Amino acid sequence: MAQAGEGLAQASAGVVLGLGTALVYPTLLAAVGDVAHPAWRAHSVGVYLGGNDHVAG
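The following refers to the structure shown.

Conventions and cut-offs
Residues numbered from 1 in each chain as written. Predicted model: local features only at pLDDT ≥ 70, side-chain atom pairs only at ≥ 80, totals over all residues. Heavy atoms only, no water. Helix = DSSP H or I, 4+ residues; strand = E, 2+ residues; numbered from the N terminus. Buried < 20%, exposed > 50% of the residue type's maximum accessible area, 1.4 Å probe, protein only. Areas by Shrake-Rupley, 256 points an atom, 1.4 Å probe, with all protein chains shown as cover. Expected span 1.5 Å × (residues − 1). Bend = angle between axes of the 7 residues up to and from the residue. Contact = heavy atoms within 4.5 Å. Patch = residues over 30% accessible without salt bridge, like charges linked within 9 Å, V, L, I, M, F, W, Y side chains within 5 Å. Salt bridge = Lys/Arg side-chain N within 4 Å of Asp/Glu carboxyl O.

## Comments concerning the overall build of the chain
Broken down by element type, the chain carries two helices and zero strands. Here the chain, with 57 residues, has 4% of them falling under the buried criterion. Accessible area of the chain: about 4,600 Å², with a carbon and sulfur share of 71%.

As structure tokens, this is what we get:
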């Protein structure tokens, strides 16, 4: 059975994980865009987003 404070701890951990993801996600997109050749930039970012969303979702 779940303990009384366990739900609050899990919710807090979820919020912290979400904030960390929100801070890192744009930085990683910018890094992919900076490294990719301009002709392939849109495709590279799309592949990154598609792969990242597929793993996460």
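## Quick notes on helix 1 (residues 6-35)
Under the 1.5 Å per step criterion, the end-to-end length of helix 1 is 43 Å for 30 residues, consistent within 8% with the ideal 44 Å. Approximately 25 degrees is the largest bend angle found in helix 1, and it occurs at Val24, with the proline Pro26 only one to four residues beyond.

## Overview of the environment of Leu49
On the secondary structure map, Leu49 appears in helix 2 (residues 41-56). Since its relative accessible area comes to 27%, Leu49 is described here as partly exposed. Along the backbone, Leu49 and Tyr25 are 24 residues apart, and their C-alpha atoms lie at a distance of 9.7 Å. In this view, Leu49 contacts Tyr25 and Leu29; residues no more than four positions away in its chain are not counted.

## As for a nonpolar patch on the surface
A cluster of nonpolar residues, Leu23, Val24 and Leu28, forms a patch on the protein surface that exposes about 290 Å² of accessible area. Relative to the helices and strands, Val24 resides in helix 1. Judged by relative accessible area, which is 43%, Val24 ranks as partly exposed.

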